[in-house]
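# Analysis of the macromolecular model
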Amino acid sequence: MSGAETSELRSTAAAPRFDVAVVGAGPAGLAAAAAAAAGGARVAVIDSAEQPGGQYWRHRSEAAGVTDGGEYHHGWREYLSLRARFDAGIAAGTIHYFASTSVWMARALSTLPETSFALELAPAHGGGRSAVPTLRATTLVLATGGYDRQLPVPGWQLPGVMAAGGIQAFVKQNGMLPGKRFVIAGTGPFLLPVAANITQAGGSVAAVLESASLMGWIPRAHRAAGVPSKALEGAGYVAAFVKHRVPYRIRTVITEILGPDHVTGVRTAKVRADGSILSGSEREITGVDGVGLGWGFTPQLELPVQLGVQTRVDVDGSLVGVVAEAGRSSVAGLFLAGEVTGVGGAPLSVLEGEIAGRAAAGDATGTTASLTGAERRTLARNRSFAEAMHLAHPVPAGWADRLTPDTTVCRCEEVTVGEIGHAHDDLAAHDLRTEKGLTRAGMGWCQGRVCGFAVSCLSAGAGAVGGEAMPSAGDAAVSLAQSAKRPLAQPLPLSALRNLD
Ligand SMILES: Cc1cc2nc3c(=O)[nH]c(=O)nc-3n(C[C@H](O)[C@H](O)[C@H](O)COP(=O)(O)OP(=O)(O)OC[C@H]3O[C@@H](n4cnc5c(N)ncnc54)[C@H](O)[C@@H]3O)c2cc1C
């Protein structure tokens, strides 16, 4: 559905109207809401989760009365301070918080004197109707974050294999582990906090396997030096790894996950820069009941794409929203903040949220809001760090070569590498949509959120997109844009559709 669409799915005349709507209550959304309220706007915040915090500050259940002391978190003090501003806005009636509520569709209404947005809401967990099924806002901040990017590997469909972020989310939310002894594999600094959280929660980590060589940091060391807090955080992980004797192996990948009906171990190998396996480097790690995989993050772009924002493929191969100053997207009145503008970590998300929230309030209330010099410099330093991180930890070459014809790619619909290859080679399926139509890859429960990247690469005939290894970026970008195009941004009960005009 294009942003210019004016047809009414449901009359919006009676829908509650806000100056600013913020979707997402993670680091970016919380900051945007607090800044917009401070700017004098009446703000609606809609978030699928039961409580604020997003992925980074996911924490123990407030509803169950469990106090979280922040022991599994970084920046917990910053969360508490943002949360205090957020709660003060709620108490003052300037912030209206819709928890456990998903925005499943967003529309730009061009029938009004000025552009405004209509958001369709549904309960995030289960059936029934949202008390407010539709709301309108003059300006909109989308801070919908992202989720772990996954690549297939033989055996990854076994119980006990999770996204690395899934393991961390489990620990942060429940204070316990989904297993006892883990291997964490993939690429990027995010593998480190996951392993550290596991040891903190009383589990053990048999190995952290990083596919990159880390040499990619050398020409970009100055960019890392620009954000010293990251180096400090890294030093903390090194200390934790030494204390708990966690082996950290570079240029190492999992070639197969083993187990009859649950993970019991992994096969690993050292790889060269071109992705080929170093002969004689193969090993087996046994006695493992959990594997966490993470290859960076995929921004959650359904709502920006529904509204027709301009997108681009970032250096890490992710499709992200294009933004100008203050998080302004290509659609008037629509701001983007946090991971949807490019994956860069929580502190950058907070800053982007703060700036976008202030600007969105300014536009809605007719005041001006500009960036300070210090904000510009901090944004530039953090973005430069993020780019260095992506370039130093690319999706590795050769991942597709290690798959076997019977490796499952789409776990929902159980579509294999062989089936995708057949559709590509014999039936001219060279993009995700055609692959989906012919093989059902991406047509299941997760709607391609897990397999979309891999199917996009495989259908474009590439083993990797993004960074320095981007052989078919154009094709893959088209495919990635297709995979983000979902008329329903979130799963929803049929009753939400039944009630439409
Ligand atoms: C599982 C996981 C663990 C992570 N852990 C770390 C870590 O330890 N260290 C680190 O540096 N980075 C981590 N990251 C990256 C981290 O997500 C970001 O740096 C930071 O949280 C981004 O903030 P954000 O506000 O952009 O998005 P998020 O924190 O992802 O928040 C987005 C929010 O939007 C909500 N949402 C999304 N779509 C909708 C919708 N349609 N309707 C309503 N609500 C919606 C989500 O429920 C979520 O609460 C992690 C990411 C994930 C996925």
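It should be emphasised that the depicted structure is a prediction, and the values quoted were computed from it without experimental measurement. Residue indices begin from 1 for each chain and proceed along its sequence in written order. A pLDDT threshold of at least 70 governs which residues receive local features in this predicted model, and a stricter bar of 80 or more applies before side-chain atom pairs are shown or counted, although totals over entire chains, interfaces and linings include all residues.

## Observations concerning the packing of helix 1 (residues 27-38) against helix 8 (residues 346-365)
Here helix 1 crosses helix 8 at 30°, and the two axes come no closer than 7 Å. The pairing of helix 1 with helix 8 is recorded here as roughly parallel in orientation. Crossing of helix 1 over helix 8 shows right-handed handedness. Note on element contacts: helix 8 touches helix 1 through Ala346, Ser349, Val350, Glu352, Gly353, Glu354, Ala356, Gly357, Arg358, Ala360 and Ala361, opposite Pro27, Ala28, Gly29, Leu30, Ala31, Ala32, Ala33, Ala34, Ala35 and Ala36. For the contact of helix 1 with helix 8, a count of residues per class yields 14 nonpolar, four polar and three charged. Throughout, an axis means a line fitted to C-alpha atoms (over the contacting stretch in the case of helices), and angles, computed between N-to-C directions, take values from 0 to 180 degrees. By the criteria applied, helices consist of DSSP H or I runs no shorter than four residues and strands consist of E runs no shorter than two, each listed in order from the N terminus. The cut-offs work like this: below 35 degrees is roughly parallel, past 145 is roughly antiparallel, 65 to 115 is roughly perpendicular, and the gaps in between are oblique. Less than a right angle of anticlockwise turn of the near helix away from the far helix marks a crossing as left-handed, whereas a clockwise turn marks it as right-handed. What counts as a contact is two residues whose backbone-derived C-beta atoms lie within 7 Å of each other. Charged residues are taken to be Asp, Glu, Lys and Arg, nonpolar residues to be Ala, Val, Leu, Ile, Met, Phe, Trp, Tyr, Cys and Pro, and polar residues to be all remaining types, Gly included.

## Notes on the sheet that holds strand 15 (residues 290-295)
Pairing between two strands is assigned when DSSP locates at least 2 bridges connecting them. Here we have five strands laid out as an open sheet, ordered 8-15-9-10-11, and parallel in their pairing. Pairing within the sheet leaves two strands with one partner each, and these edge strands are strand 8 (161-163) and strand 11 (248-249). Pairing between strand 8 and strand 15: three bridges, direction parallel. Paired with Ala163 across the two strands is Leu293, which belongs to strand 15. Those strands touched by helix 3 (residues 164-174) are strand 8, strand 9 (181-187) and strand 15, and its axis lies near 120° from that of strand 15.

## Focus: the domain arrangement of the protein
Domain assignment breaks the protein into domain 1 (17-147 + 298-389), domain 2 (150-295) and domain 3 (400-484). Domain ranges listed in this record stem from an automatic or a database domain assignment. Spacing between the C-alpha centres of domain 1 and domain 2 amounts to 30 Å. Counting residues at the interface gives 14 residues for domain 1, matched by 17 residues for domain 2. The element contributing the most residues to the side of domain 1 that touches domain 2 is helix 9 (residues 373-392), with six residues.

## Let's talk about the site of the ligand
Around the ligand sit 37 residues, and of these Gly26, Gly54, Gly145, Gly165 and Gly338 come closest. Elements represented by at least two residues in the shell around the ligand include exactly helix 1, strand 4 (101-109), strand 7 (146-148), helix 3 and helix 8. In terms of residue class, the shell around the ligand is built from 17 nonpolar, 17 polar and three charged. No fewer than three residues from each of domain 1 (17-147 + 298-389) and domain 2 (150-295) sit in the shell around the ligand. Defining nearness, a residue is near a molecule or strand when the C-beta atom obtained from its backbone falls within 6 Å of it.

## Overview of helix 8
Three or four residues apart is the spacing at which side chains of an α-helix point the same way, because the helix has 3.6 residues per turn. By definition here, a helix of n residues has an expected span of 1.5 Å times n minus one. Helix length check: helix 8, at 20 residues, gives a terminal C-alpha distance of 28 Å against a target of 28 Å (1.5 Å per residue), a fit within 8%. Within helix 8, 18 of the 20 residues are buried, which leaves the element mostly enclosed by the surrounding structure. One or two positions beyond helix 8, positive phi appears at Gly366, with a value near 75°. Burial is judged by counting other C-beta atoms within 10 Å of a residue's own C-beta: 20 or more means buried, 12 or fewer means exposed, and anything between counts as partly exposed, with every C-beta placed from the backbone.

## Some thoughts on the sheet that holds strand 12 (residues 252-258)
A sheet is described by the order of its strands in space; here three strands give the open sequence 12-13-14, paired in antiparallel fashion. On the outer flanks of this sheet lie strand 12 and strand 14 (283-286), each paired with one strand and no other. Each neighbouring strand pair of the sheet contributes to a mean axis angle of 30°, computed without reference to strand direction. With six bridges connecting them, strand 12 and strand 13 (residues 265-270) associate as antiparallel partners. Among the inter-strand pairings, Ile254 is bridged to a residue of strand 13, identified as Thr268.

## Observations regarding unusual backbone geometry
Backbone geometry at Ser100 places phi at a positive 50°, although glycine is not the residue there. Of note, Ser100 is situated in the loop between strand 3 (95-98) and strand 4. In this model, Ala326 sits at a positive phi of 65°, which is unusual for a non-glycine residue.

## Describing helix 3
Within helix 3 the residues assigned to the buried category are Ala164, Gly165, Ile167, Gln168, Val171 and Lys172. Take helix 3 and look down its axis: the buried residues cluster within an arc of 155°, on one side only. Buried residues in helix 3 make contact with strand 7, strand 8, strand 9, helix 4 (191-200) and strand 15. Picture the helix axis, draw a direction to every C-beta atom, and the arc is the one those directions span.

## Looking at the nonpolar core
One finds Val20 and Ala21 to be the most contacted residues of the largest nonpolar core, which totals 82 residues. At 10 residues, the largest contribution of residues to this core is made by helix 8. With residues up to four places along the chain from it excluded, the contact list for Val20 reads Ala36, Ala41, Val43, Ala137, Thr139, Val141, Ala360, Ala361 and Ala364. Joining buried Ala, Val, Leu, Ile, Met, Phe, Trp, Tyr and Cys residues through C-beta atoms within 7 Å gives a set, and that set is a nonpolar core.

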